[in-house]
Amino acid sequence: DRHRANGDALATVQLFKLLLEKDSDKTIIESSTKLYDSARTAEKLTKLLEPLPTEMGVFYLHKDSGDVIFIGKGNNIKNEVTIQFLKTSKRSKKIQERTISISYESTGNELITSLKYYLELEINRPKYNLRNYKKLSLSLIHISEPTRRS
């Protein structure tokens, strides 16, 4: 079978079988599983991102019980959620694994987006957002107080 793919394919299969037999630590299988998990994560992300708008607003990541686990904001909700799912920190990975659904609220401008975001943090206290809510409340007070000029 010179110049035919059949012989090459059979040789590749035999080589692969030999490699699997010699792979006592199962690193080949583990790396294949990671690729499979990455494909499943990409499929999940595609389903989650599809309905999201490219508008300014606040978004909520929900776990299977429906509870909010993370609140984010941005000029483009779809991009901000995508960025959240591309992060590789331990905290980000936990958020990605636990997120089952995403809801959002379009706000229209930066001021309303920021106010809505901080108020929602105060009300929901999501597990994976900042923990220092008192500082957030104080910053809202400073934002809402009018500045006086002499």
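Keep in mind the model is a prediction, meaning the values are calculated, not measured. (Residues numbered from 1 in each chain as written. Predicted model: local features only at pLDDT ≥ 70, side-chain atom pairs only at ≥ 80, totals over all residues. Heavy atoms only, no water.)

## Focus on the side chain of serine 92
Part 1: Tracing the backbone shows serine 92 in helix H4 (residues 90-98).
Part 2: By relative accessible area, serine 92 is classed as buried at 1%.
Part 3: Among the polar contacts listed, one links the side chain of serine 92 to the side chain of serine 89, at a separation of 2.9 Å.
Part 4: Look past the residues within four positions of serine 92 in its chain and what remains in contact with it is Gln84 and Lys87. (Helix = DSSP H or I, 4+ residues; strand = E, 2+ residues; numbered from the N terminus. Buried < 20%, exposed > 50% of the residue type's maximum accessible area, 1.4 Å probe, protein only. Polar contact = N/O pair within 3.5 Å; in protein donor to acceptor, adjacent residues only side chain to side chain. Contact = heavy atoms within 4.5 Å.)

## Quick notes on the packing of helix H3 (residues 77-86) against H4
Part 1: It is at 8 Å that the axes of H3 and H4 come closest, and there the two elements cross at 115°. Residue-level inspection shows Gln84, Phe85 and Leu86 of H3 in contact with H4, the latter providing Ser92, Ile95 and Gln96.
Part 2: Along the lines of polarity and charge, the residues of the contact of H3 with H4 split into three nonpolar, three polar and no charged. (Axes fitted to C-alpha atoms, helices over the stretch in contact; angles between N-to-C directions. Nonpolar A, V, L, I, M, F, W, Y, C, P; charged D, E, K, R; others polar.)

## A short note on the sheet that holds strand E2 (residues 68-74)
Part 1: In spatial order, the strands read E2-E1-E3; together these three strands make up an open sheet with antiparallel pairing. The open sheet has two edge strands with one neighbour each: E2 and strand E3 (101-106). Averaged over all adjacent pairs, the angle separating strand axes in this sheet is 20°, with direction ignored.
Part 2: Relative to E2, strand E1 (residues 57-62) is paired through six bridges, and the arrangement is antiparallel. (Pairing = 2+ DSSP bridges.)

## Structural notes on the environment of arginine 98
Part 1: Here arginine 98 lies in helix H4.
Part 2: Judged by relative accessible area, which is 35%, arginine 98 ranks as partly exposed.
Part 3: Each residue touching arginine 98, except ones within four places of it in the same chain, is listed here: His62, Lys63, Asp64, Ile69 and Tyr128.

## Regarding the nonpolar core
Part 1: Membership of the largest hydrophobic core comes to 14 residues, with the highest contact counts inside it found for Leu52, Phe59, Leu61, Phe70, Val81, Phe85 and Ile102.
Part 2: The set of elements that each furnish at least two residues to this core consists of helix H2 (27-49), E1, E2 and H3.
Part 3: Aside from chain neighbours lying at most four places away, what touches leucine 52 is Ile77, Lys78, Val81, Ile102 and Tyr104.
Part 4: By size, the runner-up hydrophobic cluster in this structure holds seven residues, among which are Tyr60, Val68, Ile71 and Tyr118. (Core = buried A, V, L, I, M, F, W, Y, C linked by side-chain atoms within 4.5 Å.)

Just geometry here; none of it tells us what the structure is for.
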